[in-house]
Amino acid sequence: MSLRSQMEKQPLPTDDDDKVEAAEPEVDCYAPEQGSSEPASRAGWNSKIEYFLAQVGFSVGLGNVWRFPYLCHQNGGGAFLLLYILLMLIVGIPLFFLELAAGQAIRQGSIGVWKYISPKLSGIGYSSCVVCFFVALYYNVILAWSLYYFGNSFQYPLPWEQCPELGNITVKECKSSSPTSYFWYRKALDVTDSIDEMGSFNVYIVGCLLLAWTIVCLGMFKGIKSSVKVMYFSSIFPYVVLICFLIRGLLQDGASEGIAYMFYPKLEIWADVQVWRQAATQVFFALGLGFGSIIAYSSYNPKNNNCHRDAFTVSFINFLTSVLATLVVFAVLGFRAKKTVMACVSSNVQKLSEHSCVLDTHLLPTFNYSDPGSVALEDYTRWLEQNEHQLPCNITACDLEKEMQKGVEGTGLAFIAFTEAMTLLPGSPFWSALFFLMLLNLGLSTMFGTMEGILAPLRDRFKYRWLTVVSVVSVGSCIIGFLIGLLFTQRCGNYFVTMFDDYSATLPLIIVVVFETFSVSWLYGADRFLDDIEGMLGWRPPVIYKYLWKYVCLLAMLGLLGATIIGMFIKTPTYMAWNQETASEDHLPYPGWALAVLSLLIIFAMLPVPVGLVHSVVWDRRRRTHRDTETGHYSIVSTDETPMSELDNGNAFPASVS
């Protein structure tokens, strides 16, 4: 039997199907001929607000704060925003709508959904679970780091505000870098010089990781019923903090320069293929596509929920959050950069006022260099550009743009650049505690969604009694996550976090979404899927979705997949290491064993797809063989001249067996 003919037998389930399934719980939900075996006691959202908090909390994460601003800054500012909106409209939202509709219609986790839509591609759901597990392992370590910094924020001055001294001598590593870099690499992580040097466990980070997993476990103890209560705070609180930081940042000198630098449009970047790749990747990860969490959350919705409107609402909330975070980041970093640059100007001008640098009369500046603190950056820069090559002494340039480029991505933004900026604010402990509490809540909402992307499909797929007990599964998974996560608490653990972040999710998730799009638009059929949505919502979505799913989204994801694979082979995988001797960051290539590990991460995440395909083909053949054998057996019985009167009406079995 062809896959297409199999699919003709199983339209997406309706409410009537649910009633039948509830009355017949023994039906095998993985037989292609059957409908969804959604449990009759499946949980649901108490209100639409809870659902929105969950979806927005999952999609709005740490990447909105420390990844999006960096990409926007590096790739043309306002021009990148326009490109991002374009890709979100033609790729991101259609795929987001696809996952919402599939989860809401079939009302199962990712494993059940893709098994239902395309039995031969049932491995898609398992791959999503594996990737979610990888992400949960290292993501919770970042929450542990946030907890560590949050705990250290309740002291004045902040421990990363000044370099420590040993016998009235400033520690060399700190003096050669900065107090914030020293605290991050030496105090918080106590990092080794490379990934080859494992080092011992960091006791403080182990304790924080245990606390982070405990918080997640308590939040997930009763599934969405308990996690959504936490989300009332964790999903809303970050917006309060961002607005507070924006107001505070805009009042500081340098904020306007930071924001202007951020949004200055560079339209020529549209000709760069890499910029398109980075924008598409950010859209992809910002919406949380492929994780299975979107499907899991939408599966708790009533069948008539307007998931089309939800797709647009959540997507634009996510985008506006990224823009808000970008404004905050560059207002605060602009203030930090202006402070640093003005200190540079003052130091150079002081050389002139103290006559340590004697200049000819025609080289003397027109500004009042006897008062270094009153010199404007523009006046100093203009004077230096005119006379730079004629100055007899070491007068350095003070570049605001170069200062803005320092440490503006990922952990470098959160734990180095932003922490340094907060030390310059009055009441720095308060702002520091507020910032890291915000990071903790952003991460928690995403962790709840990630864990739901693992637990919901497993509970739906495996009907063992202990797996149906939500609290048992939640506690067990958190314990396993903590034990494996100890890998990241070694002194070299930061390098493993980088490895998992760069390679355990990116390529596998892109492949997962390619298969998702292909299975719905080509195997199941985009028209049939739209028919099912029409039956569910009571109105038919625009026909443009058919062409977006079949061509635009699929080709875009294949292009992103190709660009990612080519990039991995062309450029040797590297990681950022901290050199204690030089007190600087170095890009080092991964050693051979590390390359093997990251390759295994990708292979292991994608292995369920081909395994599921082979299993489905073998299972179909075995069933056909078994059916043929039974047919042959029954034909032998009929040749024994069994009277028709002794056969049950319409059955091949005898009415009685003597």
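Because the structure is predicted, anything quoted here is derived from the model rather than measured.

Considerations on the overall build of the protein
Part 1: The helix and strand tally for the protein stands at 27 helices and 4 strands.
Part 2: Across the 658 residues that make up the protein, the buried fraction comes to 54%.
Part 3: Long-range contacts, defined as pairs at least 24 residues apart, comprise 80% of the intrachain contacts of the protein with a sequence gap of at least 6.
Part 4: For the protein, the accessible surface area stands at approximately 28800 Å², while carbon and sulfur atoms represent 62% of it.

Digging into the confidence of the model for the protein
Part 1: Overall, the predicted model of the protein reaches an average pLDDT of 82, with 84% of residues at or above 70.
Part 2: Throughout residues 15-40 the model reports pLDDT below 50, and contacts reaching past four residues in sequence, or to other chains, amount to 40 contacts.
Part 3: Counting contacts from residues 634-658, a segment whose pLDDT is below 50, to residues more than four positions away or on other chains yields 14 contacts.

Some points on the UniProt feature "binding site: Na(+)" (unreviewed entry) in the protein
Part 1: Mapped onto this structure's residue numbering, the UniProt feature "binding site: Na(+)" (unreviewed entry) falls at Gly57, Val60, Asn64, Asn318 and Leu442. In terms of the greatest pairwise C-alpha distance, the residues named above, spread along 386 residues, form a tight cluster of at most 12.4 Å across.
Part 2: By the element assignment, Gly57 lies in helix H3 (residues 48-59).
Part 3: By relative accessible area, which is 4% here, Gly57 ends up buried.
Part 4: Other than its neighbours up to four places away in sequence, Gly57 contacts Phe52, Ser235, Leu442, Ser445 and Thr446.
Part 5: Take Val60: it is sitting in the loop between H3 and helix H4 (62-66).
Part 6: With relative accessibility at 4%, the residue Val60 sits in the buried group.
Part 7: With residues near it in sequence (within four places) discarded, Val60 still touches Tyr239, Asn318, Thr321, Leu442 and Thr446.

A look at the state of the cysteines
Part 1: Under the criterion given, the structure shown has 2 disulfides.
Part 2: Disulfide partner of Cys163: Cys174, at an S-S distance of 1.9 Å. Judged by the sign of its S-S torsion, about -85 degrees, the bond between Cys163 and Cys174 is left-handed. Here Cys174 lies in helix H9 (residues 172-176) and Cys163 lies in the loop between helix H8 (123-152) and strand E1 (165-166), a separation of 11 residues in the sequence.
Part 3: For Cys174, a relative accessible area of 1% translates into the label buried.

Comments concerning the packing of helix H7 (residues 110-117) against H8
Part 1: Running from amino to carboxyl end, H7 crosses H8 at an angle of 160 degrees, the nearest separation of the two axes being 7 Å. In terms of axis orientation, H7 runs roughly antiparallel to H8. Relative to H8, H7 is oriented so that their crossing is right-handed. From H7, Ser110, Ile111 and Trp114 reach across to H8, where they touch Ile124, Gly125, Tyr126, Ser128 and Cys129.

Some remarks on the packing of helix H17 (residues 307-353) against helix H18 (residues 377-387)
Part 1: With their axes 10 Å apart at the nearest point, H17 and H18 run at an angle of 55 degrees to one another. Accordingly, the angle class assigned to the pair H17 and H18 is oblique. Considering only the axes of H17 and H18, their crossing is left-handed. Residues Val341, Met342, Val345, Asn348, Val349 and Leu352 of H17 pack against Leu377, Tyr380 and Trp383 of H18.
Part 2: Broken down by class, the residue content of the contact of H17 with H18 amounts to 8 nonpolar, 1 polar and no charged.

Side note on the nonpolar core
Part 1: Membership of the largest hydrophobic core comes to 194 residues, with the highest contact counts inside it found for Tyr380 and Trp549.
Part 2: Ignoring any residue separated from it by four or fewer positions in sequence, one finds Trp549 in contact with Pro94, Leu95, Phe97, Leu98, Thr517, Ser521, Ala526, Phe529, Leu530, Ile533 and Leu554.

Some thoughts on the side chain of Thr192
Part 1: Structurally, Thr192 can be placed in the loop between helix H10 (179-188) and helix H11 (203-220).
Part 2: A distance of 2.9 Å separates the side chain of Thr192 from the backbone oxygen of Ser194, its partner in a polar contact.
Part 3: Aside from chain neighbours lying at most four places away, what touches Thr192 is Glu197, Met198, Gly199, Arg491, Cys492, Tyr495 and Trp578.

Concerning the pattern of salt bridges
Part 1: Going through the model one piece at a time under the given rule, you end up with 12 salt bridges.
Part 2: The residue Lys120 makes a salt bridge to Asp620 at a minimum N-O spacing of 3.1 Å. Here Asp620 lies in helix H27 (residues 608-638) and Lys120 lies in the loop between H7 and H8, a separation of 500 residues in the sequence.
Part 3: Asp620 gets classed as buried once you look at its relative accessible area, which sits at 7%.
Part 4: Counted as one network, the salt bridges with shared partners bring together Glu173, Arg186, Asp190 and Arg491.

Thoughts on the packing of aromatic side chains
Part 1: Applying the stated criterion across every chain yields a total of 47 aromatic pairs.
Part 2: Ring centres 5.7 Å apart and planes at 20 degrees place the aromatic pair Tyr84 and Phe319 in the stacked group. Taken together, the positions of Tyr84 in helix H6 (residues 78-106) and Phe319 in helix H17 put the pair 235 residues apart, joining distant regions of the chain. Comparing Tyr84 with Phe319 shows no difference in burial state: the two are buried.
Part 3: Ring geometry for Phe284 against Phe285: centres 5.1 Å apart, planes inclined by 85 degrees, an arrangement best described as edge-to-face.
Part 4: Classification of Phe285 as partly exposed rests on a relative accessible area of 26%.
Part 5: The ring of Tyr524 has Arg528 lying over it, and the distance from NZ or CZ to the ring centre is 4.1 Å.
Part 6: Over the aromatic face of Trp522 sits the side chain of Lys550, whose NZ or CZ is 4.2 Å from the ring centroid.

What counts as what
The numbers attached to residues start from 1 for each chain and follow its sequence in the written order. Residues qualify for local features only when their pLDDT is at least 70, as the model is predicted, and side-chain atom pairs are given and counted only at 80 or more; totals for whole chains, interfaces and linings, by contrast, use all residues. Where side-chain values are given, they derive from all heavy atoms of the structure, hydrogens and water being excluded. The secondary structure listing takes helices from DSSP runs of H or I that are at least 4 residues long and strands from runs of E that are at least 2 residues long, numbered from the N terminus. For the exposure calls, accessible area comes from a 1.4 Å probe over protein chains only, and a residue counts as buried if that area is under 20% of its type's maximum, exposed if over 50%, partly exposed in between. By definition, residues are in contact when any of their heavy atoms lie within 4.5 Å. Only the protein chains shown count as cover for residues, and the accessible areas themselves come from Shrake-Rupley with a 1.4 Å probe. A residue's pLDDT is the confidence the predictor assigns to it, expressed on a 0 to 100 scale. UniProt positions are given in the numbering used here, feature names are shortened, and annotations may be inferred rather than shown by experiment. Cysteine sulfur atoms that pair up within 2.5 Å are treated as a disulfide. The axes are straight lines fitted to the C-alpha atoms, using for helices just the contacting stretch, and the angles between their N-to-C directions are given from 0 to 180°. Should an angle fall under 35 degrees it is taken as roughly parallel, and over 145 as roughly antiparallel, whereas 65 to 115 is taken as roughly perpendicular and any remaining angle as oblique. Note on convention: near helix rotated counterclockwise from far helix by under a right angle means a left-handed crossing. Clockwise means right-handed. Note on residue categories: nonpolar means Ala, Val, Leu, Ile, Met, Phe, Trp, Tyr, Cys or Pro, charged means Asp, Glu, Lys or Arg, and polar means any other residue, Gly included. Only buried residues count toward a nonpolar core. Its members are Ala, Val, Leu, Ile, Met, Phe, Trp, Tyr and Cys residues joined through side-chain atoms within 4.5 Å. N or O atoms closer than or at 3.5 Å make up a polar contact, with two conditions inside protein: a donor-capable atom paired with an acceptor-capable one, and, for residues adjacent in sequence, both atoms drawn from side chains. When a carboxyl oxygen of Asp or Glu is within 4 Å of a side-chain nitrogen of Lys or Arg, the pair counts as a salt bridge. Put simply, two rings from Phe, Tyr or Trp (the six-membered ring, in Trp's case) pair if the centres are within 6.5 Å, and we call them stacked under 30 degrees between planes, edge-to-face over 60, tilted for the rest. Charge-over-ring contacts are defined here by two conditions on Lys NZ or Arg CZ: a distance within 6 Å of the ring centre and an angle within 35 degrees of the ring normal.

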